[in-house]
Amino acid sequence: MRSKHHVIMSVVFVFLDGVGLAPATHDNPLAAAATPALHALLGGPLTLEQATQRISSTQRMLFKPIDATLGVPGLPQSGTGHTALLAGVNAAALHGRHQPHFPPVALRPLLAEQSIFRQVLARGGRATFANAFGPGYWQALAARRIRKSASVIAAEGAGLRFRDGNDLRDGQAVSWDVTNAAMQLREPDMNIPLVHPAEAGANLAALATDHEFVFYESFLPDLAGHGRLTPEARNDTPGIESQVQVVMALLDGLIGGVLGVLRPGDTVLITSDHGNVESLAEPVHTRNPVPLLAVGPGAAAFAQVEAISGIAQAIMNAL
Ligand SMILES: [Zn+2]
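Before going into details, it helps to say that this report is about the structure given with it. (Residues numbered from 1 in each chain as written. Predicted model: local features only at pLDDT ≥ 70, side-chain atom pairs only at ≥ 80, totals over all residues.)

1. Notes on the overall build of the protein
For step 1, the next point in the chain: A count of helical and extended segments in the protein gives 13 helices and 7 strands.
For step 2, the next point in the chain: Scaling as 2.2 N^0.38, a compact globule of 319 residues should have a C-alpha radius of gyration of about 20 Å, and the protein matches this with 18 Å.
For step 3, the next point in the chain: Along the first, second and third principal axes, the C-alpha atoms of the protein reach 50 × 45 × 40 Å.
For step 4, the next point in the chain: Burial statistics for the protein: of 319 residues in total, 54% are counted as buried.
For step 5, the next point in the chain: A separation of at least 24 residues holds for 73% of the contacts in the protein among residues at least 6 apart in sequence. (Helix = DSSP H or I, 4+ residues; strand = E, 2+ residues; numbered from the N terminus. Rg over C-alpha atoms; globule rule 2.2 N^0.38 Å. Buried ≥ 20, exposed ≤ 12 C-beta atoms within 10 Å, placed from the backbone. Contact = placed C-beta atoms within 7 Å.)

As structure tokens, this is what we get:
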């Protein structure tokens, strides 16, 4: 149900797991991916050459590389990376190393209490987690087959409502896999229709109408970079390069949909937790910088961000 609360200015955070920035070499599938929305925005592919750090006043856009290693040796990982992004802390340094998949147990209270969601609420704003979750997700958690993601811990800590299949059908949520193809397979009883990526993006941007802060996350790039996309999203070719290109085309469609619907006062932020898809050399994470792409009147608030741990504060400054 739509709230009457009407928001003039919002930040829509599109978090893409495992997207780094590297030069446009033959080793970088992002150089050749079919990403027309990003091309139109950046004047080229999502590669290091376009990340000039300049703020264009006419386009109200900032595109720069930011650090994901957090000064900690080894390959950056999702558990500490997500915590750094959502809570604005150097989670890898606090934990003493990069931790994959899920946040370190010791950092969960901090994440629950200091996330961007909580900060927006504390300021009297409204925040929402745009992803939809089916009953299978909650059952897997209850059965301890998986652990809570950083985003779920942060949203729970802020008391946010989790969107579900009804929200997806109503265009009031987006699936982590963009088109609902994976959601259909995993949650067959939910009767979720497929959605075009641009429509998913438009649905996402529309949530900014009544929320100051909208968060969406997709793990598609990281799965593709590891060569682990589930068959339904994989096309016919199993190679990592083609998996990455399929996924980036989907996400470009989503981004195009967001940009097409976003209101003049809204800002979209796109960033990641560590590199992966930008290098075919090995199917593992990289220590490359990640993209910080901000489009809208709040873009300048991100100009001083140098690492993923600076994103949360910059979002608060943009609002
Ligand atoms: Zn990750």
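2. Describing helix α10 (residues 197–206)
For step 1, the next point in the chain: Of all 10 residues that make up α10, 8 are buried, and the element is covered over most of its length.
For step 2, the next point in the chain: Residues of α10 that are buried make contact with β1 (11–16), β5 (213–218) and α12 (240–261).

3. Structural notes on the packing of α10 against α12
A pair of packed helices can be characterised by two numbers: the angle between their axes and the separation between those axes.
For step 1, the next point in the chain: Between α10 and α12, the shortest axis-to-axis distance is 6 Å and the interhelical angle comes to 45°. Viewed along their axes, α10 and α12 adopt a mutual orientation that is oblique. In this structure, α10 crosses over α12, and the sense of that crossing is right-handed. Taken together, the residues of α12 that come into contact with α10 (itself represented by P197, A198, E199, A200, G201, A202, L204, A205 and A206) are L250, G253, L254, I255, G256, G257, V258, G260 and V261.
For step 2, the next point in the chain: The residue inventory of the contact of α10 with α12, partitioned by class, reads 12 nonpolar, 5 polar and 1 charged. (Axes fitted to C-alpha atoms, helices over the stretch in contact; angles between N-to-C directions. Parallel < 35°, antiparallel > 145°, perpendicular 65-115°, else oblique. Left-handed = near helix turned anticlockwise from the far one by under 90°. Nonpolar A, V, L, I, M, F, W, Y, C, P; charged D, E, K, R; others polar.)

4. A short note on the environment of R60
For step 1, the next point in the chain: With respect to the helices, strands and loops of the structure, R60 is situated in the loop between β2 (55–56) and β3 (61–66).
For step 2, the next point in the chain: For the pair R60 and A294, spaced 234 residues apart in the sequence, the C-alpha separation amounts to 8.2 Å.
For step 3, the next point in the chain: If we skip the residues at most four places from it in the chain, R60 touches V295, G296, P297 and A299.

5. Some remarks on the packing of helix α2 (residues 78–87) against helix α7 (residues 150–157)
For step 1, the next point in the chain: Their axes nearest at 9 Å, the elements α2 and α7 cross at an angle of 35°. You can see that α2 and α7 cross each other, and the crossing is right-handed. In this structure, α2 uses H82, T83 and L86 to contact α7, whose residues at the interface are A150, S151 and A154.
For step 2, the next point in the chain: Class assignment for the residues of the contact of α2 with α7 results in 3 nonpolar, 3 polar and no charged.

6. Some points on the pairing of β1
For step 1, the next point in the chain: Counting buried positions along β1 yields 6 of 6 residues, so the element is predominantly enclosed.
For step 2, the next point in the chain: Across the two faces of β1 the burial is the same, with V11, F13 and F15 and V12, V14 and L16 all buried.
For step 3, the next point in the chain: Relative to strand β6 (residues 267–271), β1 is paired through 5 bridges, and the arrangement is parallel. The residue bridging V12 from the neighbouring strand is V268, located in β6. (Pairing = 2+ DSSP bridges.)

7. What about α2?
For step 1, the next point in the chain: The element α2 is extensively covered by neighbouring structure, given that 10 of its 10 residues are classed as buried.
For step 2, the next point in the chain: Looking only at α2, the buried set comprises S78, G79, T80, G81, H82, T83, A84, L85, L86 and A87.
For step 3, the next point in the chain: Downstream of α2 by one or two residues, G88 has phi in the positive range, about 70°.

8. So, the nonpolar core
For step 1, the next point in the chain: Core analysis: the largest hydrophobic core is formed by 100 residues, its most contacted members being V12, F13, V14, L204, V214, V258 and I315.
For step 2, the next point in the chain: Ranked by residue count, the leading element in this core is α12, at 10 residues.
For step 3, the next point in the chain: Excluding residues within four positions of it along the chain, V214 makes contact with S10, V12, F13, T128, A130, L204, L207 and A208. (Core = buried A, V, L, I, M, F, W, Y, C linked by C-beta atoms within 7 Å.)

9. Comments concerning the pairing of strand β7 (residues 290–295)
For step 1, the next point in the chain: The buried count for β7 comes to 6 of 6 residues, which makes it a mostly enclosed element.
For step 2, the next point in the chain: Of the two faces of β7, both are covered, the one formed by V290, L292 and A294 as well as the one formed by P291, L293 and V295.
For step 3, the next point in the chain: With 6 bridges joining them, β3 and β7 adopt antiparallel strand pairing. When the sheet's bridge partners are listed, P65 is paired in β7 with P291.
For step 4, the next point in the chain: Here 3 bridges tie β6 to β7, and the two strands are oriented antiparallel to one another. Its bridge partner being in β7, V268 is matched across the sheet by V295.

10. Let's talk about unusual backbone geometry
For step 1, the next point in the chain: Of note, R144 is a non-glycine position whose phi angle comes to about 60°, a positive value.
For step 2, the next point in the chain: Position of R144 among the secondary structure elements: in the loop between α6 (135–142) and α7.
For step 3, the next point in the chain: Accessibility expressed as a C-beta count within 10 Å gives 7 for R144, which makes it exposed.
For step 4, the next point in the chain: The backbone of V178 sits at a positive phi, close to 75°, despite the residue not being glycine.
For step 5, the next point in the chain: Take V178: it is sitting in the loop between α8 (165–169) and α9 (181–186).
For step 6, the next point in the chain: For V178, a count of 26 C-beta atoms within 10 Å corresponds to the buried category.

11. A closer look at the environment of L204
For step 1, the next point in the chain: Structurally, the position occupied by L204 is in helix α10.
For step 2, the next point in the chain: Take L204: there are 28 C-beta atoms within 10 Å of it, and that puts it in the buried class.
For step 3, the next point in the chain: Counting along the chain gives 144 residues from L204 to R60, while the straight-line C-alpha distance between them is 20 Å.

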